[in-house]
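So you can see what is in the structure, the chains are spelled out below.
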Amino acid sequence: MIHLKNLDKQYKNGDQTLRVLNDIHLKIEENEFVAIMGPSGSGKSTLMNMIGCLDQPTSGEYLLHGTDVASQPEKELAKVRNAQIGFVFQQFHLLPKLSAMMNVELPLIYGGVKKKERRERARLALEKVGLEDRVNHLPNQLSGGQKQRVAIARALINEPSLILADEPTGALDSKSGTQIMELFTQLHHEGATLIMVTHEQEVADYAKRIVTVRDGEIIKDRGHEYVVPR
Amino acid sequence: MSFLDSVKMALRSLWSHRLRSMLTMLGIIIGVGSVITVVAIGKGGEAVLTSQFAGGGNNTFEVYYMPPDEELMDYDAYDDVAYTTEDLRAIQEMPSVNQVIAYAYNSTNVVYHQEAAGAQILAINENYYDLNEFTASSGRLLDNRDVDNGRRVVTLSTGVVEELFAANDEAVGQIVNIEGVPFEVIGVHERENQSFFAFQVDELLLPQSSWPMLYGTDNMDMLNVQANSADDIQIASHAVTNYLNDQSTLSGEYQVLNMEEIEQGISQVTNVTTMIIGGVAGISLLVGGIGVMNIMLVSVTERTREIGLRKSLGATRGNILLQFLIESVTLTTIGGLIGIMLGAGVANTVSLIAGWPFLVSIPVVLLGVGFSMFVGIVFGLLPANKAAKLDPIEALRHE
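Rules of the game
Residues numbered from 1 in each chain as written. Chains lettered and ligands numbered in written order. Predicted model: local features only at pLDDT ≥ 70, side-chain atom pairs only at ≥ 80, totals over all residues. Heavy atoms only, no water. 1 Å grid on protein atoms, 1.4 Å probe; cavity = no way out; pocket = protein on both sides within 12 Å on 5 of 7 lines; lining within 4 Å. Points joined across faces, edges and corners; volume = space filled by probe spheres on them. Helix = DSSP H or I, 4+ residues; strand = E, 2+ residues; numbered from the N terminus. Nonpolar A, V, L, I, M, F, W, Y, C, P; charged D, E, K, R; others polar. Buried < 20%, exposed > 50% of the residue type's maximum accessible area, 1.4 Å probe, protein only. Lys, Arg positive; Asp, Glu negative; His and termini not counted. Salt bridge = Lys/Arg side-chain N within 4 Å of Asp/Glu carboxyl O. Contact = heavy atoms within 4.5 Å. Pairing = 2+ DSSP bridges. Axes fitted to C-alpha atoms, helices over the stretch in contact; angles between N-to-C directions. Parallel < 35°, antiparallel > 145°, perpendicular 65-115°, else oblique. Left-handed = near helix turned anticlockwise from the far one by under 90°. Buried area = accessible area lost by both parts, 1.4 Å probe. Polar contact = N/O pair within 3.5 Å; in protein donor to acceptor, adjacent residues only side chain to side chain. Patch = residues over 30% accessible without salt bridge, like charges linked within 9 Å, V, L, I, M, F, W, Y side chains within 5 Å. Areas by Shrake-Rupley, 256 points an atom, 1.4 Å probe, with all protein chains shown as cover. Core = buried A, V, L, I, M, F, W, Y, C linked by side-chain atoms within 4.5 Å.

Asker: Is there a simple way to explain the layout of surface pockets in this structure?
Answerer: Using a probe with the size of a water molecule, rolled over the atoms, empty space left in the structure can be pinpointed. Looking at the second largest pocket, its volume works out to about 690 Å³. As for the second largest pocket, its lining consists of 32 residues, of which A:Leu95, A:Pro96, A:Lys97, A:Leu98 and B:Glu306 are closest to the centre. Going through the elements one at a time, α3 (100-110) and α4 (115-128) of chain A together with α1 (3-16) and α10 (304-312) of chain B are the ones with two or more residues in the lining of the second largest pocket. Looking at the lining of the second largest pocket, the element that brings in the most residues is α1(B), giving six residues. Class assignment of the residues belonging to the lining of the second largest pocket gives a composition of eleven nonpolar, seven polar and 14 charged.

This is how it looks when you write it as structure tokens:
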């Protein structure tokens, strides 16, 4: 489903060129649960942004469902993000003035879905993450774990082919963190494709496959028969 | 994403910062409000001035004598101005003329028993009531039978009555002396529709036919001519002045107050004044617009993470641009609407106090709304573009 080929990402900082990603090759199939690990500054976040179509590579190809999205214009990338990818962030990123329901339906607004259908689907998504009784609560009336579950409902609502989670348990206590990881595991069993960035081994262990990045290169790919060709 | 959803989103966001939105609107409210007020007051004032100078638009013009330049300051130069009965008859017979309104006047004392009051006496006929409307607050007004029969009767203005008599109704039926000639008081008159600027004059009205008894002449001093129609005013005024100047042995010249020119002059003056004050008000609208831009820029910075999030959820640059543009246009449009209501309120109050017509026109209101929307677009564009161009990754990381 995801196929990264010869992916490079460089940042120009004055005269210096910073190579953040260096000749990345990665294939991820449907219904995989992958953790991307690595120390800070290893390039794992950039890799994540690249997969999430928030950033574009300097060179190389990114095939999502067989189409090269790396070379698409900004407007198309926005469409891909809206329809194919659900994001879950460490800091939840819920809009504070909107109710849980309204936060969840945001992607549908950009997808052009009618209000009645939006409401219906948002309710179902909140039910799925166990927040059917928190529909009209504002984010600051919710606990950290509940906020993250609202964010997951928002990521699920467009039935994306891929869920990208960036340190999803980083801002949570261990109990809520466990609940979130159990929710991810459940989603995986239901057929979702999950990619998660983390630096906690304990969290990464929920995943079936762990990709380790260092200095912009994939140095380990445990739990997968696919060997990085050099 | 539908346009309606964008508008709802903008309204919700403005509502969540009510105080700030209100304060931001203030500049626009004051700007639009003052434009509406100034234009309305200008138009109202113009209407009042025009109606006063143009005699209510009944196609009447006044003929006056203009001495040569060297005699301008010389009071005696005007003494020989007189319109004889033949002059008036000739003018009356001109085809473009509907009627001649001539009167004689003098200043003298009117005496009742031991009391004397200074007053202006006007020798009139019934036509005079076409120049100014009169009502009788007691007794009756002069009519044509008084003129035709040369009756020695008079009506007094309230001011004269107050000086000579204890009460209004005591005056009627009494005999007063004017230049030694006794006249019977038949009524107390009042001028209607007195203009805002005019002051009350103590005056007596008496029949033209009794004028020779007082001053030994039936020549009239003042001449107004009513043309048949507005189109005839030019023709009539030429005919009248040509006739008078041909007859005249005076060194000066008879002229006509051209109402059209006066009207144009008034409207030019009020237009220029309105434009100047309107321009100043326009500047306050500009300042209001800059205020909106300022707040929108602050808002974009504050909501950087929100913008990053929206982009990651699939908002395009266009969506973000539209969202902020709608917010600024909504701000200025609501501000403009409040300003219009405020301005109309102030203009209405002023017109009530001054007794002017209330003239807030639909085009001015539409212009006010249109212009405030325009200000919203112009000054919203920079912040909205800044928001749309944000890089989602950077924006999400923003603290």
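Asker: Where do I start with empty space enclosed by the protein in this structure?
Answerer: Using the criterion set out here, one finds four cavities of 30 Å³ or more in the structure. What the largest cavity holds in volume is close to 80 Å³. Every residue lining the largest cavity is listed: B:Ser13, B:Leu14, B:His17, B:Arg20, B:Ser21, B:Thr24, B:Ile295, B:Met296, B:Ser299, B:Arg303, B:Glu327 and B:Leu331. Residue assignment for the lining of the largest cavity shows that the elements contributing at least two residues are α1, α2 (18-53), α9 (259-302) and α11 (317-354) of chain B. For the lining of the largest cavity, a count of residues per class yields four nonpolar, five polar and three charged. Approximately 60 Å³ is the volume found for the second largest cavity. Together, A:Arg81, A:Asn82, A:Ile85, A:Gly86, A:Phe87, A:Pro107, A:Arg154, A:Ala155, A:Ile157, A:Asn158, B:Ser312 and B:Leu313 line the second largest cavity. Counting only elements with at least two residues in the lining of the second largest cavity, the list comes to α2 (74-84), β6 (85-88) and α5 (144-156) of chain A.

Asker: Got a minute to help me understand the side chain of B:Asp87 in this structure?
Answerer: All names here are of chain B. Relative to the helices and strands, Asp87 resides in helix α3 (residues 85-92). Of the side chains with opposite charge, Arg89 lies nearest to the buried Asp87, which makes no salt bridge, at 10.0 Å. Once residues within four sequence positions are removed from consideration, Asp87 is found in contact with Ala82, Tyr243, Leu244 and Gln247.

Asker: Would you take a moment to explain the sheet that holds strand β3 (residues 33-37) of chain A for this structure?
Answerer: Note on sheets: strands pair through backbone hydrogen bonds, and any given pair is parallel or antiparallel. Residues and elements named next belong to chain A. One open sheet accounts for six strands, arranged β6-β7-β8-β3-β9-β10; its pairing is mixed. At either margin of the open sheet sits one strand with a lone partner, and together these are β6 and β10 (217-222). Each strand axis lies, on average, 20 degrees off the axis of its neighbour in the sheet, ignoring direction.

Asker: Explanation requested: the packing of α1(B) against α11(B) in the structure shown.
Answerer: Two quantities define a packed helix pair, namely the angle between the axes and the distance from one axis to the other. Residue and element names in this part refer to chain B. Close contact between α1 and α11 brings their axes to 9 Å; oriented N to C, the two are set at 60 degrees. Relative to α11, the element α1 lies oblique. Once α1 is placed against α11, the crossing between them reads as right-handed. Packed against α1, whose contacting residues are Phe3, Ser6, Val7, Met9, Ala10, Leu11, Ser13 and Leu14, the element α11 presents Leu322, Gln323, Ile326, Glu327, Thr330 and Leu331 at the interface.

Asker: I tried to follow the interface of chain B and chain A on my own but got confused; where do I start?
Answerer: In many analyses, interface size is given as the accessible surface area lost on bringing the parts together. At the interface, 24 residues of chain B touch 23 residues of chain A. Summed over both sides, the interface of chain B with chain A buries roughly 2100 Å², with 64% coming from carbon and sulfur. The largest contributions to the chain B side of the interface with chain A come from B:Leu309, B:Leu313 and B:Ile393, which together make up 27% of the buried area. For the interface between chain B and chain A, the tally reads one salt bridge. B:Asp5 is paired through a salt bridge with A:Arg118; the nearest N and O atoms lie 3.1 Å apart. Inspection of the region where chain B meets chain A yields four residue pairs in polar contact (both at pLDDT 80 or more).

Asker: When you look at the pairing of strand β10 (residues 253-256) of chain B in this model, what are you seeing that I'm missing?
Answerer: Looking along a regular strand, one sees the side chains alternate between the two faces of the sheet. All names here are of chain B. Alternating residues of β10 divide into Tyr254 and Val256, all buried, and Glu253 and Gln255, none buried. Sheet analysis places strand β1 (residues 60-66) next to β10, joined by four bridges and oriented antiparallel. When the sheet's bridge partners are listed, Tyr65 is paired in β10 with Tyr254.

Asker: Would you take a moment to explain the packing of α3(B) against helix α8 (residues 232-247) of chain B for this structure?
Answerer: Residue and element names in this part refer to chain B. Put simply, α3 and α8 touch, their axes get as near as 10 Å, and they point 150 degrees apart. In this view, α3 runs roughly antiparallel relative to α8, as classed from their interaxial angle. The handedness of the crossing between α3 and α8 comes out as right-handed. Contacts between α3 and α8 pair Glu86, Asp87, Ala90 and Ile91 from the former with Val240, Tyr243, Leu244 and Gln247 from the latter. Here the contact of α3 with α8 is built from residues that sort into five nonpolar, one polar and two charged.

Asker: Can you help me understand a nonpolar patch on the surface in this one?
Answerer: Side chains of B:Leu19, B:Leu23, B:Leu26 and B:Ile30 sit close together on the surface and give an oily, nonpolar patch of about 420 Å² of accessible area. Residue placement: B:Ile30 occurs in helix α2.

Asker: Is there a simple way to think about the nonpolar core in this case?
Answerer: Counting 68 residues, the largest nonpolar core has A:Ile2, A:Leu4, A:Ile51 and A:Tyr62 as its most contacted members. Broken down by element, this core gets its largest block of residues, seven residues, from helix α12 (residues 362-388) of chain B. If near-sequence neighbours (up to four positions away) are discounted, A:Tyr62 is found in contact with A:Ile2, A:His3, A:Leu4, A:Met50, A:Ile51, A:Cys53, A:Thr67, A:Asp68, A:Val69 and A:Ala70. Core analysis: the next-biggest nonpolar cluster, separate from the first, contains 45 residues, B:Tyr83, B:Met94, B:Leu223 and B:Val225 among them.

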